[in-house]
Amino acid sequence: MSDQINAYRRKFMAGLAGVAAIATIAPSIVLREVKAKAADEASTDSVRWGLLIDTNKLTESAIDAGIEACKKRGWGDEKLSNDAQDSHWIRKVKVTDKTTRKETILPIMCQHCETAPCVDVCPTGASFKRPDGVVLVDKHICIGCRYCMMACPYKARSFVHETIENQRPDTPRGKGTVESCDLCIGKIDVGEEPACVKVSGGAIIFGDLKDPESNISKSLKEFGGTQIRADLGLNTGVRYQGI
Amino acid sequence: MFSKFLSVTSLMLLLFSLLGMSGCGSEPPEIETKIAKAVKKFDTEEQMIAHKADMRKNHMDRLLHKRDQTMHEGIRTPKYSLKKCIDCHVPAPTENKTVTHKDSEHFCVTCHEYVSVQIDCFQCHASHPDKPETATAMKPPLGLNIATEDSSTEVTQ
């Protein structure tokens, strides 16, 4: 009888080991990099889009190219606004380490926080986080109060001060609403990369932070990545290496 | 007595003539001749008629529903998307002319002017398709080609 039980137990354990083996080998086969959802499918929280910016690799000219590529989506040609009023979906920030005097230039855009302060403070619900982690402004219901601009620790948002003409079909924007980096939402929904990633020469990686097999997760696992103002505990979707 | 009969008859005549004027005559309403023709054509006549009937009555609801779906859920199917409406109903800009929401001949504006409706879609949304060459220039995924793209991104109104 006990032999029978032992035989049964061995068989059961062998089965379990098999399942475990499949679970360890399979991810690379089963879980591929999530590229794009079907067009008629709603975005889900099974993915979380993020950026990983390698500041050692990213040259200043690549940052400028990224800002130019970003501007082509339709911002940056305001005629009446002054420097303080101009929109900035990406800002170029130079930081110098006091002891080593190492200069680092960072592209700062919306960090797509998990617990975004801008979403917390928005009185109308215009500022919202999509299930896949992208923080957006629904300009249809934005009343232009600019609470989100004050709440954002990264100064990522801007307010459109003047009447805009010649908007691009993919990026509607207008006077009286707040805007920021939307991670090229129209592009990533159809499986393309954000504009700044394309011109970064490989220094910015875009991908799914929830998929352990994606390039961004692999790089984060191997080399780590820093959040700016990690002390705020916002769990940003944009991470930096080399700072 | 006679005068009463006369007044009733004349009243009825007037009523009938009014009815005749307001009834659906064979002539299409003037506004229909003014509306810009769509660029693309439907495969069948039935599809076109169904589309017209539905959109004439419900376009605002369809667009509003699609707006929220696209904005909050990222559903970017062509059906009822404002961009696709514009692509088909507003001619692409040419060298000489760009039809925008400031012209009466713009598809949306023709009717909205007629019924005195003021919409603010085009304060933010593009009211005409991208220039054809811009659309093709933006297609290649390589974004490094800034110098050549620069000249074509200017969309004139």
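Source: prediction; values computed, not measured. (Residues numbered from 1 in each chain as written. Chains lettered and ligands numbered in written order. Predicted model: local features only at pLDDT ≥ 70, side-chain atom pairs only at ≥ 80, totals over all residues.)

**Details of the overall build of chain B**
Along the backbone of chain B there are 7 helices and 0 strands. Secondary structure elements of chain B occur, N-terminal to C-terminal, as α-α-α-α-α-α-α. Classification of the 157 residues of chain B by burial places 16% in the buried group. Long-range pairs, those at least 24 residues apart, make up 55% of the contacts in chain B with a sequence separation of at least 6. (Helix = DSSP H or I, 4+ residues; strand = E, 2+ residues; numbered from the N terminus. Buried ≥ 20, exposed ≤ 12 C-beta atoms within 10 Å, placed from the backbone. Contact = placed C-beta atoms within 7 Å.)

**Section: the overall build of chain A**
Counting its secondary structure elements, chain A contains 8 helices and 9 strands. Long-range pairs, those at least 24 residues apart, make up 64% of the contacts in chain A between residues at least 6 apart in sequence.

**Section: unusual backbone geometry**
A negative phi holds for most residues other than glycine; trans holds for most peptide bonds. Positive phi outside glycine occurs at asparagine 166 of chain A, with the angle close to 60°. Along the polypeptide, asparagine 166 of chain A turns up in the loop between strand S6 (158-159) and strand S7 (178-179). Given 16 C-beta atoms within a 10 Å radius, asparagine 166 of chain A is considered partly exposed. Even without being a glycine, serine 116 of chain B presents a positive backbone phi close to 55°. With respect to the element layout, serine 116 of chain B can be found in the loop between helix H5 (107-114) and helix H6 (132-137).

**A word on the environment of glutamine 69 of chain B**
Structurally, glutamine 69 of chain B can be placed in helix H3 (residues 45-73). Expressed as a C-alpha distance, the spacing of glutamine 69 of chain B and arginine 56 of chain B, which sit 13 residues apart in the sequence, is 21 Å.

**Regarding the nonpolar core**
Counting residues in each nonpolar core, the largest one holds 48 residues, and the members touching the most others are Ile53, Cys196 and Ile204 of chain A. Secondary structure elements with two or more residues in this core: strand S1 (49-54), helix H3 (60-71), strand S5 (135-137), helix H6 (185-188), helix H7 (195-198), strand S8 (204-208) and strand S9 (238-241) of chain A. Excluding residues that lie within four positions of it along the chain, isoleucine 53 of chain A makes contacts with Leu58, Pro107, Ala203, Ile204, Val238, Tyr240 and Gln241 of chain A. Of all hydrophobic cores here, the second largest spans 9 residues; its members include Leu82, Val99, Cys108 and Ala126 of chain B. (Core = buried A, V, L, I, M, F, W, Y, C linked by C-beta atoms within 7 Å.)

**Some words on the sheet that holds S1 of chain A**
All names here are of chain A. The 3 strands lie next to each other as S8-S1-S9, forming an open sheet whose pairing is mixed. Each having just a single partner strand, S8 and S9 make up the two edges of the open sheet. Sheet twist, expressed as the average angle between the axes of neighbouring strands with direction ignored, equals 20°. Of the strand pairs in this sheet, S1 and S9 are connected by 4 bridges, and their pairing is parallel. Paired with isoleucine 53 across the bridge in S9 is tyrosine 240. Along the sheet, helix H8 (residues 215-223) makes contact with S1, S8 and S9, crossing S8 at roughly 115°. (Pairing = 2+ DSSP bridges. Axes fitted to C-alpha atoms, helices over the stretch in contact; angles between N-to-C directions.)

**Quick look at the environment of leucine 220 of chain A**
Residues and elements named next belong to chain A. Among the secondary structure elements, leucine 220 is positioned in helix H8. In sequence terms leucine 220 and tyrosine 240 are 20 residues apart; their C-alpha atoms lie 9.5 Å from each other. Here leucine 220 is in contact with Leu52, Gly225 and Arg239, once residues within four sequence places are set aside.

**Topic: the interface of chain A and chain B**
Tallying the contact residues gives 29 residues for chain A and 23 residues for chain B. When contributions to the side of chain A that touches chain B are tallied by element, the ones reaching two or more residues are H3, H6 and H7 of chain A. At 3 residues, H3 of chain A tops the list of elements feeding residues into the side of chain A that touches chain B.

**Some remarks on the pairing of strand S2 (residues 90-96) of chain A**
Residue and element names in this part refer to chain A. Bridge analysis of S2 against strand S3 (residues 103-109) gives 7 bridges, and the strand direction is antiparallel. Following the sheet pairing, lysine 94 is matched in S3 by isoleucine 105. From the end of S2 to the start of S3, which pair antiparallel, there are 6 residues, and arginine 101 there has a positive phi angle of about 60°.

**Focus on the environment of lysine 129 of chain A**
All names here are of chain A. Mapped onto the elements, lysine 129 comes out in strand S4 (residues 127-129). Measuring from C-alpha to C-alpha, the distance between lysine 129 and alanine 203 comes to 26 Å, with 74 residues separating the pair along the chain. Among residues more than four places away in sequence, those in contact with lysine 129 are Ala116, Val119 and Val135.

**Examining helix H4 (residues 82-89) of chain B**
Residues and elements named next belong to chain B. Among the residues making up H4, those that are buried are Leu82, Cys85 and Ile86. End-on view of H4: buried residues confined to an arc of 95°, all on one side of the axis. For H4, the secondary structure elements touched by its buried residues are H3. (Arc of directions from axis to C-beta.)

**Focus: the confidence of the model for chain B**
Residues and elements named next belong to chain B. Confidence along chain B averages 77 in pLDDT terms, with 68% of residues attaining 70 or more. Put simply, helix H7 (residues 146-153) is where chain B has its lowest mean pLDDT, 39, and H3 is where it has its highest, 94. Overall fold confidence for the complex sits at a pTM of 0.76, while the interface term, ipTM, reaches 0.79. (pLDDT = per-residue confidence, 0-100.)

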